[in-house]
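Chain by chain, the residues run as shown.
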Amino acid sequence: MSAVLSPVQEPVEEAAMTDGFHLVLDALKLNGIHHIYGLPGIPITDLTRMAQAEGLRVFSFRHEQNAGNAAAIAGFLTGKPGVCLTVSAPGFLNGLTALANATTNCFPMILISGSSEREIVDLQQGDYEEMDQLAIAKPLCKAAFRVLHAEDIGVGIARAIRAAVSGRPGGVYLDLPAKLFSQTMDAEAGRRSLIEVVDPAPRQIPAPDAVARALDLLKGAKKPLILLGKGAAYARADESIRALVERTGIPYLPMSMAKGLLPDTHELCASAARSYVLPEADVVLLIGARLNWLLSHGKGKTWGGKSHKDWGGQKFIQIDISPTEMDSNVRIDAPLVGDVGSCVDALLGGIGKDWPAAPSDWVQAITERKSKNIAKMAETLAKDPKPMNFHSALNVVRDIVKANPEAMLVNEGANALDFTRSIVDMYKPRKRVDVGTWGVMGIGMGFAVAAAVESGQPVIAVEGDSAFGFSGMELETICRYNLPVCVVILNNNGVYRGTDKNQGGGSDVAPTVFVKDARYEMLMQAFGGVGVYATTPAELRQGLEQALRSRKPTLINAIIDETAGTESGRITSLNPAAALKK
Ligand code: ADP
Ligand code: TZD
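Figured I'd write up the structure that's included with this text. (Residues numbered from 1 in each chain as written. Chains lettered and ligands numbered in written order. Predicted model: local features only at pLDDT ≥ 70, side-chain atom pairs only at ≥ 80, totals over all residues. Heavy atoms only, no water.)

## What to know about the site of ligand 1
And step 1. Taken together, 19 residues lie near ligand 1, and Arg168, Lys230, Arg290, Asp320 and Val340 sit nearest.
And step 2. At 2.8 Å from an oxygen atom of ligand 1 is found a side-chain nitrogen or oxygen belonging to Arg168.
And step 3. In the model, an oxygen atom of ligand 1 is placed 3.4 Å from a nitrogen or oxygen of the Gly288 main chain.
And step 4. For ligand 1, whose accessible area on its own is 580 Å², the fraction buried by protein is 96%. (Near = heavy atom within 4 Å. Polar contact = N/O pair within 3.5 Å; in protein donor to acceptor, adjacent residues only side chain to side chain. Areas by Shrake-Rupley, 256 points an atom, 1.4 Å probe, with all protein chains shown as cover.)

## Considerations on the packing of aromatic side chains
And step 1. Tallied over the entire structure, the rule returns 11 aromatic pairs.
And step 2. Taking 5.4 Å as the distance between ring centres and 20 degrees as the angle between the ring planes, the aromatic pair formed by Tyr37 and Phe59 counts as stacked. One end of the pair, Tyr37, is in strand E2 (residues 35-38); the other, Phe59, is in strand E3 (residues 57-60), and 22 residues separate them in sequence. For the pair Tyr37 and Phe59, a shared accessibility class is recorded, and that class is buried.
And step 3. Here a set of aromatic residues connected by ring pairs shows up, and it is made of Tyr37, Phe59, Phe61 and Tyr481.
And step 4. Positioned above the aromatic ring of Tyr276 is the side chain of Arg369, whose terminal nitrogen or guanidinium carbon lies 4.0 Å from the ring centre.
And step 5. It is Arg519 that lies over the ring of Tyr533; its NZ or CZ is 4.0 Å from the centre. (Phe/Tyr/Trp six-rings, centres within 6.5 Å; stacked < 30°, edge-to-face > 60°. Helix = DSSP H or I, 4+ residues; strand = E, 2+ residues; numbered from the N terminus. Buried < 20%, exposed > 50% of the residue type's maximum accessible area, 1.4 Å probe, protein only. Lys NZ or Arg CZ within 6 Å of the ring centre and 35° of its normal.)

## Quick notes on empty space enclosed by the protein
And step 1. By the definition in use, this model includes two cavities of 30 Å³ or more.
And step 2. Here the largest cavity defines a volume of roughly 50 Å³.
And step 3. Of all the elements, helix H4 (residues 89-105) adds the most residues to the lining of the largest cavity, at three residues.
And step 4. Here the lining of the largest cavity is composed, by residue class, of five nonpolar, four polar and no charged.
And step 5. If you trace the second largest cavity, you find it lined by Pro251, Glu267, Leu268, Val363, Ile366, Thr367 and Lys370.
And step 6. Here the residues of the lining of the second largest cavity sort into four nonpolar, one polar and two charged. (1 Å grid on protein atoms, 1.4 Å probe; cavity = no way out; pocket = protein on both sides within 12 Å on 5 of 7 lines; lining within 4 Å. Points joined across faces, edges and corners; volume = space filled by probe spheres on them. Nonpolar A, V, L, I, M, F, W, Y, C, P; charged D, E, K, R; others polar.)

## Observations concerning a nonpolar patch on the surface
And step 1. Taken together, the side chains of Trp293, Leu294, Ile571 and Leu574 present a nonpolar region at the surface, about 340 Å² in accessible area.
And step 2. By the secondary structure assignment, Trp293 is in the loop between strand E11 (283-287) and strand E12 (315-320). (Patch = residues over 30% accessible without salt bridge, like charges linked within 9 Å, V, L, I, M, F, W, Y side chains within 5 Å. Salt bridge = Lys/Arg side-chain N within 4 Å of Asp/Glu carboxyl O.)

## Looking at the sheet that holds strand E5 (residues 109-115)
And step 1. Ordered by their spatial adjacency, six strands build an open sheet running E3-E2-E4-E5-E7-E6, and the pairing between neighbours is parallel. Edge positions in the open sheet fall to E3 and strand E6 (143-146), since each of these has one partner strand only. Along the sheet, successive strands turn relative to each other by an average axial angle of 20 degrees, direction set aside.
And step 2. Bridge count for E2 against strand E4 (residues 82-86) is three bridges, and the pairing is parallel. Within E4, the residue paired with Gly38 across the bridge is Leu85.
And step 3. Taken strand by strand, H4 contacts E4, E5 and strand E7 (171-177), and its axis lies near 160 degrees from that of E5. (Pairing = 2+ DSSP bridges. Axes fitted to C-alpha atoms, helices over the stretch in contact; angles between N-to-C directions. Contact = heavy atoms within 4.5 Å.)

## Focus: the packing of helix H15 (residues 360-382) against helix H16 (residues 390-403)
And step 1. The N-to-C vectors of H15 and H16 enclose an angle of 105 degrees; their axes lie 8 Å apart at closest approach. Relative to H16, H15 is oriented roughly perpendicular. Each of Met377, Thr380 and Leu381 in H15 lies in contact with H16, whose residues at this interface are His391, Asn395 and Arg398.
And step 2. Among the residues forming the contact of H15 with H16, the class breakdown is two nonpolar, three polar and one charged. (Parallel < 35°, antiparallel > 145°, perpendicular 65-115°, else oblique.)

## What about the pairing of strand E9 (residues 224-228)?
And step 1. Burial runs high along E9: five of the five residues are buried.
And step 2. Alternating residues of E9 divide into Pro224, Ile226 and Leu228 and Leu225 and Leu227, and every residue in both groups is buried.
And step 3. Bridge count between E9 and E11: five bridges; the pairing is parallel. Bridge assignment links Leu227 to a residue of E11, and that residue is Leu286.
And step 4. With three bridges connecting them, E9 and strand E10 (residues 252-254) associate as parallel partners. Within E10, the residue paired with Leu228 across the bridge is Pro254.

Below, the structure written as structure tokens:
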């Protein structure tokens with residue numbers, strides 16, 4: 001053996017390599033995404049382990065729908081896409097409801113699902129958890145992509161991020177087949193293939209003639225009204241919106257998730273006179289709010305129309321980033337297409353010192369109705385019925401939120417939703433998250449986890465007992481991550497209430513009725529959290545105060561009069577049987 005190595009035999013330094021797993025994680029990190037909400041299994045278990053090793057936080061759930069809801073609301077709260085990671089077929093399908101809900105609500109999220117081998121899926125040969133996930137996701141989200149080669153991971157993630165947050169935000173599906181993760185490539189080439197997305201949600205400036213048209217209409221209004229939706233909350237143009245309201249003196253109505261954009265106690269807040277201002281207003285400025293069912297489609301009796309479909313005669317100015325939203329229900333006289341911040345700033349630019357004050361008789365009339373309704377509500381809230389009802393329980397939550405305006409409020413149910421929305425004032429933007437555009441049950445614990453994680457603030461989740469059941473197993477997740485979440489179940493023994501009877505007279509209880517006096521607080525105790533059984537407002541108050549002080553996972557089972565709720569809360573009329581009774 002020769003002691004001298006020939007040039008060909010010289011040991012070469014092995015090129016550093018990377019793989020699909022690390023490229024995915026590096027691409028997320030490069031774009032400031034440090035949280036993954038998901039549930040492990042083939043083929044993404046190792047991705048979750050490596051994610052932790054690489055310094056990302058992985059929040060592992062008990063069901064993918066809850067992880068998806070967490071990702072969706074993380075997107076709303078941060079303005080960056082929330083990421084949900086699932087296994088193939090059934091895990092993907094479990095996450096899909098949340099993806100569709102995110103898209104419906106304009107929340108930016110990316111559902112990343114592992115998938116089985118394309119060759120087998122496409123020939124339908126029966127792979128483990130085989131499903132053509134990309135095809136199924138497509139119609140339910142804003143965009144859907146698949147990455148087959150490691151060198152395309154950077155582009156795939158960049159496209160997913162852009163699609164989720166630019167224009168109207170929404171859900172994006174990213175399909176990553178199992179084989180992708182183990183593909184290797186030169187580390188330096190891999191690094192160069194990643195994309196740090198520049199300006200992912202570009203501002204969209206409204207056209208000057210559109211601004212002039214809107215200002216003209218607003219200036220001539222006798223009874224102007226501003227309607228703030230969750231698009232306005234999402235846009236983070238809080239100071240500009242406040243300036244618009246205060247400089248013009250125009251009363252405003254916040255939609256549910258826009259509550260707190262300005263404090264609900266603001267003198268121009270018209271919430272307590274809603275049924276007066278909607279039919280009376282002559283010019284309505286919609287800011288990031290759609291004229292969908294939640295606003296009676298902009299017509300009918302709510303808006304002063306003579307019949308169900310009749311237009312009330314209002315003129316509408318609509319600020320929205322989506323041009324096709326205009327005229328979706330009624331004529332939009334002054335469409336203002338652009339991002340909320342740019343549009344509101346453009347309006348402010350045209351509102352000089354000579355801008356007329358909002359007509360004082362209009363503002364005065366609203367103030368009078370408000371005062372009357374607020375006084376009436378105060379009377380109801382001061383009552384102390386036994387057992388508790390929605391009002392006496394929510395009066396406590398109202399005080400607690402007032403004393404802790406930074407706390408996040410999650411809310412779902414029917415009566416539990418409607419009463420909380422109208423009784424509990426919000427003081428800061430993006431503190432209230434709820435069932436949104438679909439009125440979907442099941443967002444509760446997923447939203448609560450992400451609200452705690454993303455805001456670092458304590459979370460109060462006000463839940464109907466039925467609503468809670470959809471995601472209740474995530475109490476374990478809340479305890480595992482030791483999150484400062486206090487769940488308040490307004491427990492009236494069933495869906496809407498607990499008193500329905502089996503109309504056939506059989507021994508089964510009615511479809512809306514649950515086990516009586518269920519001890520939900522014990523579920524929290526099972527995982528090491530604090531359980532409180534509250535039958536009085538004092539017990540509820542003590543439980544809530546203690547939870548906020550200790551920041552320990554807590555569940556308060558607040559026992560409500562089982563006769564207290566109404567069918568479907570405030571939307572009884574949408575039940576088909578209501579039409580039979582007419
Ligand atoms: P709400 O339920 O509170 O009435 P919607 O979800 O119906 O609100 O409406 C939100 C609207 O806001 C959507 O039409 C969406 O396109 C729009 N939107 C979302 N983000 C922005 C933004 N940054 N600028 C302008 N419009 C936005
Ligand atoms: N399933 C899903 C996914 N979303 C829904 N909205 C419903 C079913 C129907 N539904 C409502 O619209 S509210 C509600 C259901 C089942 C629960 C109401 O009961 P609750 O609240 O106990 O949560 P209240 O306070 O008793 O009304």
